[in-house]
Structure formats: C-alpha cells, structure tokens
Amino acid sequence: MESLKNTPLCREHERLKALMAPFGGWNMPIQYEGILAEHRWCREKAALFDICHMGEFLFTGDIVASGLEEVFTFSVTSIPVGRSRYGFLLNEAGGVIDDLIVFRLAEDEAMVVVNAATIDKDFAAIAGRLSGGEFRNISATTGKLDLQGPLSREILAAVVGPEITSIPYFKCIKTPILGADAIVSRTGYTGELGYEVFLPAEKTVELWNRLLEDSRVRPAGLGARDVLRLEVGYSLYGSDIDEDTTPLEAGLEAFVNFDKTFVGKEALLAQRAAGLTRAKVAFQVTSRRSPRHDYEIYCKDERVGTVTSGVFSPMLGCGIGIGFVKPEIATFGTPLTIRHEQVSMEATVVALPFYRGGSLRR
Amino acid sequence: MDIFFTKEHEWVKVKEGIAAVGISDFAAHQLGDVTFVELPQMGKTVKQFSVLASIESVKAASDIYAPVSGTVTKVNEVLDERPEIVNESPEDAGWIAWLEGFDPAELNGLMTREQYEDYVKGLA
C-alpha cells in the first residue's frame, strides 16, 4: 500500500492533538476538540480547515483553441475573469470523474480545483483532452486553507487586508498574503460565509497560526466538514457521486450546460431521453438516529435504494441523509424506512438543503 | 461500590442487588460525540453478553452488551434528550440502565478496574 501523504500542517495538527485518519490517500485531521463542537463553532463563529490535500491545476493559454472549453460540463470562456464555477468532469458514459471548481484568473489563465483522491486521474483526463496551452499540476506547491463561518470576513480581512471584504459569492481575487502571491475565493463547503485561500505551500503554516491567534477562530477537522456539507446538501465525491453516477441521477443538472459541447453529453442526452432508472433523494429521520453510507432504503417494505451519506444533524436535531432510489420514490413527503441489520428508522423525503439558516450569502 | 468491566468496554457497578450499567470512559472517548442512545425496554430480560442497548455517535453505531444477565428495572431517560451526557460523564451520570436478578457469580468473568486499564493499554 502506498504510504499516506502529509500536508504542510501535519506538525500543527500533532501539536493541537488532532485525531488523524486516512482520507483520499492523505493523513488528515478528523477532529480536534470534537466534531459537534467544531461544527457549532463554524456555524456561529469561524472555523479553520486544512484543505491542502485537495488538488490544483493551472492552465495557461487559449481556452477555446486548446480544447479546455469542451472539457467540463460548463463553459470556461463564459466565466468572467475573477469568478469561479462549479461543475463536472465526465467520462464518455456521462459518469462523474470528479466534481470541481474552475477559477478564471485571467483571459488566458484558469485554475482547476479538484478532490484529493482524484488528482492523478483528473489530471490525466484533462491533459488528454487538451491540444494546446500549458497545463500544470501545482498541487504539491499550493497550500489551501478554508476559513468558514459568519465571522470569517472580518477575521480574514484583519490578517489579509480589507480588499477581501467586498468579494461576492463565487468571486475571487489575487492578493498578496504574508508577502506571497495568493488567491482568496469566496467559496466553501459548509453553507456559511467563508473563504478558500490558495497560497504557496511553504506559507501555509504561518497563515494557519496567524488566523488561530484570533480567539474567534478554531481549527475544525474533516468530521465537522462532513456534517456541515451534508446539512446544506452538498455531494461528496466517492460517496454520493462517482464514475457510475451521472449528474442527472445526482440531481445536479443545474451544473450541466447542454448548449455547449462536452465529453459525456451524448450519454446524458440519451439518459434523459430514456428516463432515469435511479434518482437522488434527501430524507429526514424522525429520530436522532443517523443513517449511514450503504444503509438500505425501503418504501412500504420494498427495497427501493441505498443511502450514500448520512449523519446526525445538530442544526435539525435529527438524522439526515441522501441516497439513490427508484425515481418514483423521490417525491417530497414520501415515507421511507432506513434499515441496516437490526437497526431501523423512519424517514421522510424532503427538499435540499436540510439547513437553510447559514450565513453563506451574507 | 464494586465496578467491573467487559472486553466490549461496558462497566457494571453492583450495589444491593442492583447492577448499574454503562460504557467506559475509554469507549466514550473512542466513540466521540454521542448523538443517540437506544435505551432497552423496561422489563426486558437479557443474558450476559447479549445486546442490551445501542449507541450512536457522529462517527459510528455500536451495540452495548449486558455485563451480567438480568431484568431491566430502570433506564436513564435523560439520555433521550441529552445523549451527550455519555461523553461528559460516562461512568456516572451517563449510566444506561439498571439490571436486577443477576447471578453474582457472573462477575467473576469480568475485569476489575486495574485489569481493564491494562487491557485498554494493550489495545493501543
């Protein structure tokens, strides 16, 4: 087995007595003081996440002539400079190779931010579709810290500078941080007001510690991040979406632009014409029980699907989950039973997001 | 009061024919934030080492086994609303249930605190 990779912050995590565990080939902090406390801190104050494991690719060149325009399910040329867009890299069958964000940094420059476990296959897939331009994997030299929570704007401005205060949702700016070139993006994975900061890997420890000097900031691990993202209904690659799942099945058609050419488009059009055989469903449990990955979904004693993500939601005070079912089941209000061995819990199909009170667009 | 532990990390405290049952500090720490405790039915009769209750944390779901055989005569209903008490006070306020009618001889197969602490060290 390949050994686990460490982020530049591994000694800081050790110092903070984090519980570490493997995630996507990386040795990552799962929790510091505790998942629920960290979750709450993010919803109420500001939480700092080490996201250095995620991958970054930098493209420079003509976006149309190189073929980059046709790589993703969305148009790169239509992203204004200084903005970013979420969408997919698909295979020919319409399955999701990865979900990612493209940042348009300049007319001829785009940064692609991808999941940690998929860095190599994403890079190979994208590079294989390009016929020009320069395309580099800058993951190893790029650090990424996420500061998320209602207080994140003022806290980050105090460290980085007031220019970050006016960044709207899904916009980004290039700005120096600690004397180095950095990118601050108003995006995140929590449903709260927040920022993703990209900076040279060797500056990560210094920024991490500078932010933690503010008593309103606490570190949060991947455990809290998973609860936060599921409360707002974001998909997790590898659990909810994968190469055998299309964006249509995953209810993510809004991130697919059928007015342009992209790999996988024919398959998606065919799937749409034929009708879906499975669809994503979100459900709320009637108790504090947590549904979990691979638990079975039943409707009136008939097995109708499988849970892909589930947690106890501290904001709702009950279990929440998403899964895939026969399409006719995915109607709001449908009663479900979630089962696993001797565990059984009642649930109801609901609309996403589960939690709507976040500071995301504040 | 005598306290004994199982290999599955339950504790049992015995006093005047009542066996109070809970999970150890080690187990509570391993589970992380407890979000749900399925308390046993009152009057339920359990055999030693069979499933008594179940417990869920943000990270995992697991069963709680009966350290001794007996009949459930009291459950810690506070845990329905505040399961986090299991983390705050696993070996006291976070007790799960009382069992009565047990055979004291069953305690011989359990570990003392000292033995349990050695056992836990061996797991690390």
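Residues numbered from 1 in each chain as written. Chains lettered and ligands numbered in written order. Predicted model: local features only at pLDDT ≥ 70, side-chain atom pairs only at ≥ 80, totals over all residues.

Before going further, it helps to examine the overall build of chain B. For chain B, the helix and strand inventory stands at four helices and nine strands. Its C-alpha atoms give chain B a radius of gyration of 13 Å, near enough to 14 Å, the size a compact globule of 124 residues would have. Dimensions of chain B, computed from C-alpha atoms along their principal axes, come out at roughly 35 × 35 × 25 Å. Each of the 124 residues in chain B was classed as buried or not, and the buried ones make up 42%. Within chain B, contacts between residues at least 6 apart in sequence are counted, and of these 62% link residues at least 24 apart. (Helix = DSSP H or I, 4+ residues; strand = E, 2+ residues; numbered from the N terminus. Rg over C-alpha atoms; globule rule 2.2 N^0.38 Å. Buried ≥ 20, exposed ≤ 12 C-beta atoms within 10 Å, placed from the backbone. Contact = placed C-beta atoms within 7 Å.)

Here we come to the interface of chain A and chain B. Each side of the interface is counted separately: chain A has 13 residues, and chain B has eight residues. When contributions to the side of chain A that touches chain B are tallied by element, the ones reaching two or more residues are α2 (35–44), α6 (222–231) and β16 (302–313) of chain A. When grouped by side-chain class, the residues that make up the side of chain A that touches chain B number six nonpolar, four polar and three charged. (Nonpolar A, V, L, I, M, F, W, Y, C, P; charged D, E, K, R; others polar.)

Okay, α6 of chain A next. All names here are of chain A. Across the ten residues that make up α6, a large majority, nine, are buried. When we look at burial in α6, the residues that qualify are Leu 222, Gly 223, Ala 224, Arg 225, Asp 226, Val 227, Leu 228, Leu 230 and Glu 231. Here the buried face of α6 lies against β1 (19–23), β2 (26–31), α2, β3 (46–50), β16 and β17 (318–325). Note on α6: the residue one or two positions beyond its end, Gly 233, has a positive phi of about 80 degrees.

Now for the nonpolar core. Residues Leu 48, Ala 110, Val 112 and Val 197 of chain A together with Val 21 of chain B are the most contacted members of the largest nonpolar core, which totals 125 residues. A per-element tally of this core places strand β6 (residues 96–106) of chain A first, with six residues. When residues of this core are sorted by domain, at least three fall in each of domain 1 (10–51 + 140–231) and domain 2 (277–350) of chain A. Once residues lying within four places of it in the same chain are set aside, the contact partners of Val 21 of chain B are Glu 10, Val 12, Leu 52, Ala 66, Pro 67, Trp 95, Ile 96, Ala 97 and Leu 99 of chain B. (Core = buried A, V, L, I, M, F, W, Y, C linked by C-beta atoms within 7 Å. Domains from an automatic or database assignment.)

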